[in-house]
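Listed below, chain by chain, are the residues.
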Amino acid sequence: MKTLILDGSPPGDPMGERIAAALSSILASGGHDVERIVIRDRKIGNCSGCFQCWLKSPGICSLDDDNREISRKVIACDLLVNLTPVTFGVYSPELKRMVDHLISNISPFFHSVHGETHHRQRYDSYPDLLTIGWLDRADADSEAIFRHLAYRNSINFYAKRSASAILYTGQGDSEVAASMKALVSSLDSTPVPIPALPVFSTSSDKRRSVRRAVLLIGSPRMGKSSSAALGGYLFDRLETLGIETERFFLYQMTGDAGKEALMQAAIDRADLTILAFPLYIDSIPAPVLSVMRNISDHRQSVPSSGRFAAIANCGFIEASQNENALAACARFARASGFDWVGSISIGGGEGLVQRTPLEGRGGPLIPVKRSLDLVAAALSAGNAIPEDARKQLSKPFIPAWLYRIAGSMGWKKQARRNGTEKRLNDRPYQPAA
Ligand SMILES: Cc1cc2nc3c(=O)[nH]c(=O)nc-3n(C[C@H](O)[C@H](O)[C@H](O)COP(=O)(O)O)c2cc1C
């Protein structure tokens, strides 16, 4: 039996090493061959959202770095362990940078799992999954988001057995070892009920009108993304309502301290900040998480002010698949001294928005734009995102079965242009028999 531990610890955090040591000793005594990879020590670029790992070199990421070797090892192991500090309820940016690349290990084609759209398997089998997080202290909301994410990842990655655990940094080695023992044995027991997500209430304050708003665009496709199209339309409306706006592309912030400082200052000045991002592996893309962590750290030293909202769009038709990531945004808002004013969740963003500005477009975008107009009016008046508009925006624009057929045909059409139509189900990392 092979176990692969993906350790997403940030620099200077000893917890990953402590947990991995305890877990490795339990697994080794059960005959497992354990390998731990510290993700931050590896050369792994950010997923660029290009889908070339499906359409150009099926099963292999276009970035030739350590993500390829690790994706291969994931398919070859029996048990995968994701190890991470719980960050706003989700993974650390370090772990997430690798997890985002694991999209290459599944197929582009859609089908239904438990009545929801998911991608088909690329390989016959996938490892069991243990998801282990740690926190400085108990935090019911973050823990619920984390367990829900672990469960959702187990569906997308076809783990036959999965379990999750949360530890605290103050726990001694014997407590850590006991938790790991309990976790390993829980892999064999009946799965727990589906973890529920916490509900975050929104705040509104009509006495404080919005004069300045900042849009954070969290897609690697930058201006040519559905995130930019949705956020851009909303911000154009806010401008017509007399609000001063600024827009930032978060993928330009990575490694550029100057740009990031300008963005932080703009957020500090703003009455309203909105993050628009695509769903990546049931969660927030790694570089966006990284900027969120920096914003949160920065805001520990400035007085709490401003409101925060988020817009998520995902590839699957069910907008509900965004809910974990949006709960993490609400948790981030609380950790960073913002008032949470709600979220917008769009399903089938790839098919509905098509990475194109909404202005002048009709069909299924008409009710979307009408709802965004209502959202702009509410936010500018100091209110939260209205529930009616949220519900309307979350509605599927075509039946799920039709979206799955059309989506799968769309991938084939794109592959035909690359001459890869017959190779879409390739299994480059299939271990030799
Ligand atoms: C690495 C990666 C992971 C993804 N994971 C999911 C997912 O878990 N669920 C989902 O519905 N869509 C997923 N998608 C699809 C994107 O959310 C979808 O294509 C979205 O419309 C892209 O928006 P953008 O143009 O703003 O980047 C993923 C896409 C990529 C590239």
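Keep in mind the model is a prediction, meaning the values are calculated, not measured.

A. Representation of the site of the ligand within the structure. In the vicinity of the ligand lie 22 residues, with Ser219, Ser227, Leu279, Asn313 and Glu350 positioned nearest. In this structure, an oxygen atom belonging to the ligand sits 2.6 Å away from a side-chain N or O atom of Asn313. Gly315 is positioned with one of its backbone polar atoms (N or O) 3.0 Å from a nitrogen atom of the ligand. When the free accessible area of the ligand is taken as 650 Å², the share hidden by the protein chains comes to 96%.

B. Here's a closer look at the packing of aromatic side chains. The full count for this structure, using the stated rule, is 14 aromatic pairs. Both rings, one in Phe332 and one in Phe338, keep their centres 6.0 Å apart while their planes meet at 40°; by these two values the pair is tilted. For the pair shown, Phe332 and Phe338 are each scored as buried. Taken together, the ring pairs in this structure connect Phe88, Phe308, Phe332, Phe338 and Trp340 into an aromatic cluster. Above the plane of the ring of Tyr233 lies Arg237, whose end atom (NZ or CZ) is 4.5 Å from the centre. Lying over the aromatic face of Phe338, Arg299 brings its terminal NZ or CZ to 3.6 Å of the ring centre.

C. Region of interest: the packing of helix α9 (residues 286–299) against helix α10 (residues 323–335). The contact between α9 and α10 brings their axes to 9 Å, and the two run at 25°. Classified by the interaxial angle, the pair formed by α9 and α10 is roughly parallel. Here α9 contributes Met292, Ile295 and Ser296 to the contact with α10, which in turn contributes Cys329, Phe332 and Ala335. Class assignment of the residues belonging to the contact of α9 with α10 gives a composition of five nonpolar, one polar and no charged.

D. Inspection of the sheet that holds strand β2 (residues 33–38) at higher detail. A sheet is described by the order of its strands in space; here five strands give the open sequence β2-β1-β3-β6-β7, paired in parallel fashion. The sheet terminates laterally at β2 and β7 (162–168), the two strands that pair on one side only. Within this sheet the neighbouring strands show an average axis-to-axis angle of 15°, counted without direction. Relative to β7, strand β6 (residues 128–135) runs parallel, the two being bridged by seven bridges. Counted as the bridge partner of Leu135 is Tyr168 from β7. Strands in contact with helix α6 (residues 173–186) are β6 and β7; relative to β7, the strand with the most contacts, it is inclined by about 170°.

E. Structural view of the pattern of salt bridges. Under the defined criterion, the tally for this structure stands at 28 salt bridges. A salt bridge links Arg269 to Glu246, with the shortest nitrogen-to-oxygen separation between them at 3.0 Å. In this pair, Arg269 is assigned in helix α8 (residues 257–269) and Glu246 in strand β9 (residues 244–249), connecting sequence segments 23 residues apart. Here Glu246 falls in the partly exposed class, since its relative accessible area comes to 30%. Connected via shared salt-bridge partners are Glu35, Arg42, Asp66, Glu69 and Lys73.

F. Spotlight on the pairing of strand β11 (residues 307–313). When you tally the buried positions in β11, you get seven out of seven residues, the bulk of the element. The alternating pattern of β11 places Arg307, Ala309, Ile311 and Asn313 and Phe308, Ala310 and Ala312 on opposite faces, both of which are buried. Direction of pairing for strand β10 (residues 272–278) relative to β11: parallel, over a ladder of seven bridges. Among the inter-strand pairings, Ala276 is bridged to a residue of β11, identified as Ile311. Since β10 and β11 lie parallel, the crossover through α9 that links them has a hand, and here it is right-handed. As defined by bridge partners, β11 adjoins strand β12 (residues 339–346) across six bridges and the pair is classed as parallel. Within β12, the position partnered with Ala310 by the bridge is Ser343. Regarding the hand of the β-α-β motif, the stretch spanning β11, α10 and β12 is right-handed.

Cut-offs applied
- Residues numbered from 1 in each chain as written.
- Predicted model: local features only at pLDDT ≥ 70, side-chain atom pairs only at ≥ 80, totals over all residues.
- Heavy atoms only, no water.
- Near = heavy atom within 4 Å.
- Polar contact = N/O pair within 3.5 Å; in protein donor to acceptor, adjacent residues only side chain to side chain.
- Areas by Shrake-Rupley, 256 points an atom, 1.4 Å probe, with all protein chains shown as cover.
- Phe/Tyr/Trp six-rings, centres within 6.5 Å; stacked < 30°, edge-to-face > 60°.
- Buried < 20%, exposed > 50% of the residue type's maximum accessible area, 1.4 Å probe, protein only.
- Lys NZ or Arg CZ within 6 Å of the ring centre and 35° of its normal.
- Axes fitted to C-alpha atoms, helices over the stretch in contact; angles between N-to-C directions.
- Helix = DSSP H or I, 4+ residues; strand = E, 2+ residues; numbered from the N terminus.
- Parallel < 35°, antiparallel > 145°, perpendicular 65-115°, else oblique.
- Contact = heavy atoms within 4.5 Å.
- Nonpolar A, V, L, I, M, F, W, Y, C, P; charged D, E, K, R; others polar.
- Pairing = 2+ DSSP bridges.
- Salt bridge = Lys/Arg side-chain N within 4 Å of Asp/Glu carboxyl O.
- Right-handed = clockwise from strand over helix to strand, strands pointing away.

In short, shape yes, function no, at least from these values alone.
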